[in-house]
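# Reading the structure
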There are 2 protein chains.
Amino acid sequence: MKKKITLKQIARELDVSVSTVSKALRDSIEISEDTRQKIKAFAKLYNYKPNNIALSLKNRKSKTIGVIIPEIVHHFFTTVISGIEQVANEKGYHVIICMSNNSFDKEVINMELLANGSTDGFILSVAKETQQKQDYHHLTEVINQGMPLVMFDRVIEEIECDKVIIDDLNATKKAVQRLIDLNCKKIGLITTVDYVSVGKLRTDGYVQALRENKISVNPDIILKVEDFDNSEEEIQAFLIGKELDGLFAVNEHFAIYAIKAFLNQGLKVPEDVSVIGFTNGELSRQFIPSLTTVSQHGVEMGAKAATLLIKKLESEEGVEEPYETITIETSLIERNSTKR
Amino acid sequence: MKKKITLKQIARELDVSVSTVSKALRDSIEISEDTRQKIKAFAKLYNYKPNNIALSLKNRKSKTIGVIIPEIVHHFFTTVISGIEQVANEKGYHVIICMSNNSFDKEVINMELLANGSTDGFILSVAKETQQKQDYHHLTEVINQGMPLVMFDRVIEEIECDKVIIDDLNATKKAVQRLIDLNCKKIGLITTVDYVSVGKLRTDGYVQALRENKISVNPDIILKVEDFDNSEEEIQAFLIGKELDGLFAVNEHFAIYAIKAFLNQGLKVPEDVSVIGFTNGELSRQFIPSLTTVSQHGVEMGAKAATLLIKKLESEEGVEEPYETITIETSLIERNSTKR
DNA sequence: AACCCTTACGACAACGTTTTCGTGTTGAAA
DNA sequence: TTTCAACACGAAAACGTTGTCGTAAGGGTT
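Residues numbered from 1 in each chain as written. Chains lettered and ligands numbered in written order. Predicted model: local features only at pLDDT ≥ 70, side-chain atom pairs only at ≥ 80, totals over all residues. Heavy atoms only, no water.

### Examining the overall build of chain A
A tally of regular secondary structure across chain A gives 14 helices and twelve strands. At 26 Å, chain A has a C-alpha radius of gyration far larger than the 20 Å of a compact globule built from 340 residues. Counting across all 340 residues of chain A, residues that qualify as buried make up 54%. Taking the contacts inside chain A whose residues are at least 6 apart along the sequence as the reference set, 70% of them involve residues at least 24 apart. By element, 49% of the accessible surface of chain A is carried by carbon and sulfur atoms, the whole surface being about 15300 Å². Once the 42 positive and 49 negative side-chain charges of chain A are each reduced to a mean point, those two points are 6 Å apart. (Helix = DSSP H or I, 4+ residues; strand = E, 2+ residues; numbered from the N terminus. Rg over C-alpha atoms; globule rule 2.2 N^0.38 Å. Buried < 20%, exposed > 50% of the residue type's maximum accessible area, 1.4 Å probe, protein only. Contact = heavy atoms within 4.5 Å. Areas by Shrake-Rupley, 256 points an atom, 1.4 Å probe, with all protein chains shown as cover. Lys, Arg positive; Asp, Glu negative; His and termini not counted. Charge placed at Lys NZ, Arg CZ, Asp CG, Glu CD.)

In structure tokens:
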């Protein structure tokens, strides 16, 4: 078991100074061709690699970006991470991923942990609990310390930073409009409670679409799910006797649960009811009937977020560039849960 | 924008030495009650937090464990990560997650990156390409450097280290036995090419189950999928005219594709064909018919891997504990893709 | 012979901590 | 008054790097 070799050890072995070794390895012209070759050969032999921690300390940057997401188990977030990784690696950054599990406390702890030197900046989608509490001190703090922060998907208006979002409102509007165009007369909505920002926006989109088509909004056919864990039963119960011919759900799961409920009632999808969901996950693709859905282009979102962050990280000290909010286009992927 | 405050700055402000500040904050009895209070108050006011990078450098450990997985998009891996996180956080470690995307090169790069100080040890499931190439130099290297390594799921026999696996062979055997007990006479298998270790083991389990029941193994009803991306078509074509009444698939996707193929042929699942898959993901739960499947208990697996790693990390220098291989029990979750 | 310019390298500081080992000031015991 | 422990603090080293600066040796020019 040979521990990692350091500059100092190389220096001692070759009877030169540490500085000489460092310079030789970085091809400094200060060092004679001879010594340079000798040192490089030795370093290669012992597989020398500079210690990142020491470099981080010296340079006061870690070339690392921290990603904090509410829950990794959602396919959407994994695609975002994918996009972040691609861009980050390309530009020589590594990525640390932490999960908040939708807990405010864990979000705070993780941020403080990473903020103490481990990370140069953050990409984050806030926890549900944080949106509920509206306590953003940990966010303002890292910004105040000069660490760039990019928020995506679930963003907070009040915080000034770069943001990457999708146009939840219009995406929903378009989807609901599609249902209307398919001649649906009674379109239900399954959404989340209002404090989840994206849930709220999608609800608004639904309402606007109906209004623009002079359809009155009927609160009886809108369900705001509180508790994700029991949503299947809740949705099942909610859909009894509603006689819908169209339904929009703010995520994949709600949509699937709804379809199941309809099937249980002896209804046919899409013949009797058309259903559109949100988030283009594996489930949407594989389910029978496959689900018409709003695709959020997570990879692109992640890539854009990483690009924004790195741009901030590498901008000159003095130059204060304005914050940007980028909207990623969505697309409606039509499958078999809607009529043709 | 006030940058993070350091010990040195506190020392200067309060006109004491850096050592005094450090000691005061760590409640050393060397420092008088008075000064201690003063320093602590000041530190709190300015929200002092020690710099992790400096600590890592000094202590020569980072309290961080690196996790390298082939693909985050597989639900199974996300559950494993969940388990790792739980245990790690509990014991004061953070977790860095990197994806190899099943590429050998990326696996090597990521390991080298993290091995240079960022990480105290590794938890890893090897990339498909690595298993194929059988080039493990990066693994032996980190072990030689004294960094503990725990492999899970896709492990490599030849490498000496802690391992957490599931009993793929017996899990499959039990599942196939179940099909036999359900009176299936012609049981097909959809598996991966042999160099994927778990694919091989599961294939062996299938063969053994048949042999023990004096059923001859018919290579015509075994499909070894090469290319994941085109597997749906491949499976569809393969199943034509096979007249199976039972099928085992080594993962969730293959199982679902098979069911779809059966349904397309006008067969009924489970009435005409019983299907069992592997990996208890969202798809298995939600699909209609819901899929009978071998659950791998990913969370438990991750938790165990983290426990093993941390145990090694915190064991006394001299004491060389033997390597362990832990087998996580699987369970067969019976749903609607098999007869009762 | 006196001077200066290269060449080739080493010493040292710095990044932020912790910890060991001094050391100056008290107060009390002899 | 001397001696010595207890107390309260500071200096310095160490972790592994990089970069600035200093400098010795050598060779060339007057």
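Once the structure has been displayed, the description carries forward.
### Here we look at the nonpolar core
Counting residues in each nonpolar core, the largest one holds 141 residues, and the members touching the most others are Ile 123, Ile 190 and Phe 248 of chain A together with Ile 123, Ile 190 and Phe 248 of chain B. Sequence-distant contacts of Phe 248 of chain B, defined by excluding residues within four places in its chain, comprise Thr 172, Ala 175, Val 176, Leu 179, Ile 187, Gly 188, Leu 189, Ile 190, Ile 276, Gly 277, Phe 278 and Val 294 of chain B. With 39 residues, the next largest nonpolar core counts Val 155 of chain A together with Ile 96, Val 126 and Tyr 136 of chain B among its residues. (Core = buried A, V, L, I, M, F, W, Y, C linked by side-chain atoms within 4.5 Å.)

### Examining the protein's contact with DNA strand D
Around DNA strand D sit 28 residues, and of these Lys 8 and Tyr 48 of chain A together with Thr 20, Lys 23 and Glu 30 of chain B come closest. Within 4 Å of the protein, the atoms of DNA strand D are drawn from sugar and phosphate moieties in a proportion of 59%. Measuring from a phosphate oxygen of DNA strand D, one finds a side-chain N or O atom of Ser 17 of chain B at 2.9 Å. Between a phosphate oxygen of DNA strand D and a side-chain N or O atom of Thr 35 of chain B, the distance comes to 2.9 Å. Mapped by element, the contributors of at least two residues to the surface near DNA strand D are helix 1 (7–14), helix 2 (18–25) and helix 4 (52–59) of chain A together with helix 2 (18–25) and helix 4 (52–59) of chain B. (Near = heavy atom within 4 Å. Polar contact = N/O pair within 3.5 Å; in protein donor to acceptor, adjacent residues only side chain to side chain.)

### Remarks on the sheet that holds strand 1 (residues 64–69) of chain B
Residues and elements named next belong to chain B. Taken together, six strands build an open sheet; the order of strands is 2-1-3-4-5-11 and the sheet is parallel. Edge positions in the open sheet fall to strand 2 (94–99) and strand 11 (325–328), since each of these has one partner strand only. Looking at each pair of strands side by side, their axes are set apart by 20 degrees on average, direction ignored. Helix 6 (residues 104–115) rests against strand 1, strand 2 and strand 3 (121–124) of the sheet, and its axis sits at about 155 degrees to strand 2. (Pairing = 2+ DSSP bridges. Axes fitted to C-alpha atoms, helices over the stretch in contact; angles between N-to-C directions.)

### Some remarks on the interface of chain B and chain A
Opposite the 50 residues of chain B that make contact, chain A presents 50 residues. For the pairing of chain B and chain A, the buried interface totals around 4500 Å² over both sides, and the portion due to carbon and sulfur atoms is 57%. For the interface between chain B and chain A, the tally reads four salt bridges. Across the salt bridge formed by Glu 112 of chain B and Lys 49 of chain A, the nearest N and O atoms sit 3.7 Å from each other. Viewed at the interface, chain A and chain B are joined by 16 residue pairs in polar contact (both at pLDDT 80 or more). Secondary-structure elements contributing two or more residues to the side of chain B that touches chain A are helix 4, helix 5 (75–90), strand 2, helix 6, helix 8 (137–144), helix 12 (252–264) and helix 13 (282–286) of chain B. (Buried area = accessible area lost by both parts, 1.4 Å probe. Salt bridge = Lys/Arg side-chain N within 4 Å of Asp/Glu carboxyl O.)

### Topic: the sheet that holds strand 6 (residues 187–192) of chain B
Residues and elements named next belong to chain B. The strand order 7-6-8-9-10-12 describes an open sheet built from six strands, whose pairing is mixed. Strands with a single pairing partner mark the edges of an open sheet, and in this sheet they are strand 7 (222–225) and strand 12 (331–333). Going across the sheet, the axis of each strand differs from the next one's by a mean of 15 degrees, ignoring polarity. Here strand 8 (residues 246–249) pairs with strand 9 (residues 274–278) via three bridges, running parallel. Across the sheet, residue Leu 247 finds its bridge partner in strand 9, namely Val 275. Seen against the sheet, helix 9 (residues 168–181) touches strand 6, strand 8, strand 9, strand 10 (292–295) and strand 12 and runs at an angle of roughly 170 degrees to strand 9. Strands in contact with helix 10 (residues 197–212) are strand 6, strand 7 and strand 9; relative to strand 6, the strand with the most contacts, it is inclined by about 165 degrees.

### Here we look at the domain arrangement of chain A
Split into domains, chain A comes out as domain 1 (7–50), domain 2 (63–165 + 298–328) and domain 3 (168–296). Taking only C-alpha atoms, the centre of domain 1 of chain A and the centre of domain 3 of chain A are 65 Å apart. (Domains from an automatic or database assignment.)

### A closer look at the protein's contact with DNA strand C
As a structural note, the neighbourhood of DNA strand C is formed by 28 residues, with Thr 20, Lys 23 and Glu 30 of chain A together with Lys 8 and Lys 58 of chain B the closest of them. Each atom of DNA strand C within 4 Å of the protein was classed as base or backbone; sugar and phosphate made up 58%. Between a phosphate oxygen of DNA strand C and a side-chain N or O atom of Lys 8 of chain B, the distance comes to 2.7 Å. Taking Ala 54 of chain B, its main chain carries an N or O atom lying 3.5 Å from a base nitrogen of DNA strand C. Elements supplying a minimum of two residues to the surface near DNA strand C: helix 2 and helix 4 of chain A together with helix 1 (7–14), helix 2 and helix 4 of chain B. Across the surface near DNA strand C, the residue classes tally to nine nonpolar, nine polar and ten charged. (Nonpolar A, V, L, I, M, F, W, Y, C, P; charged D, E, K, R; others polar.)

### Overview of the relation of the copies chain B and chain A
The operation relating chain B to chain A is a screw motion whose rotation component is 180 degrees, with 0.0 Å of axial translation and a residual RMSD of 0.1 Å. With respect to symmetry, the two chain copies, as superposed, fit the operation of a two-fold axis. It is Ile 96 of chain B whose C-alpha, among those of chain B, lies nearest the rotation axis, at 2.4 Å. Mapped onto chain A, 100% of the interface residues of chain B are again interface residues, and the two copies thus contact each other with one and the same surface. (Least-squares fit on C-alpha atoms with pLDDT ≥ 70 in both.)

### Regarding the pairing of strand 2 of chain B
Residue and element names in this part refer to chain B. Across the six residues of strand 2, six count as buried, placing the element largely inside the fold. Sheet analysis places strand 1 next to strand 2, joined by six bridges and oriented parallel. Within strand 2, the residue paired with Thr 64 across the bridge is His 94.

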